[in-house]
Amino acid sequence: HYDRSILYQTGLIDKFVLLIILQLEMLSFFFVELCLTEYCMVEYRPSHLAAAALYTAHLTLNRIPSWSTTLRHHSGYTEMHLRYTKSYENTNTLA
């Protein structure tokens, strides 16, 4: 875990970007914790749940694009892979 305040203090990112990063991180953690309480989620890899949580956080915060080519490249998951992840409410989508 890294200290984000160092990035702000050194001037590498501004306060607004830091706020966005923190919002995405906290919301993603929340979605992963919801997933971990459901037995049906054991069929997914941890990386899939993490990517689906990040995708859902992007959608919730109205970030455009919800899933960029950079995220697809680094995670290995497309938006379609994530869209059809079972959700906490047992619907067909996490998002």
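Quick caveat, the model's predicted, so the values are computed rather than measured.

## What about the overall build of the protein?
Stage number 1. In terms of regular secondary structure, the protein is built from five helices and zero strands.
Stage number 2. Starting at the N terminus and walking to the C terminus, you meet the elements of the protein as α-α-α-α-α.
Stage number 3. Within the protein, buried positions represent 28% of all 95 residues.
Stage number 4. When the accessible surface of the protein is summed, it comes to about 6600 Å², and 61% of that surface belongs to carbon and sulfur atoms.

## Structural notes on helix H2 (residues 15-36)
Stage number 1. For H2, with 22 residues, the first-to-last C-alpha span of 32 Å sits near the 32 Å given by 1.5 Å per residue.
Stage number 2. Those residues of H2 that sit buried are Leu18, Ile20, Leu24, Glu25, Leu27, Ser28, Phe31 and Cys35.

## Some details on the confidence of the model for the protein
Low pLDDT marks stretches whose predicted atomic positions should not be read closely.
Stage number 1. On average, the protein scores 82 in pLDDT, and the residues at 70 or more come to 78%.
Stage number 2. Within the protein, the element-level pLDDT minimum falls on helix H1 (residues 4-9), averaging 66, and the maximum on helix H4 (residues 69-75), averaging 94.
Stage number 3. Every residue in residues 88-93 is under pLDDT 50, and counting partners more than four places away or in other chains gives twelve contacts.

Cut-offs applied
Residues numbered from 1 in each chain as written. Predicted model: local features only at pLDDT ≥ 70, side-chain atom pairs only at ≥ 80, totals over all residues. Heavy atoms only, no water. Helix = DSSP H or I, 4+ residues; strand = E, 2+ residues; numbered from the N terminus. Buried < 20%, exposed > 50% of the residue type's maximum accessible area, 1.4 Å probe, protein only. Areas by Shrake-Rupley, 256 points an atom, 1.4 Å probe, with all protein chains shown as cover. Expected span 1.5 Å × (residues − 1). pLDDT = per-residue confidence, 0-100. Contact = heavy atoms within 4.5 Å.

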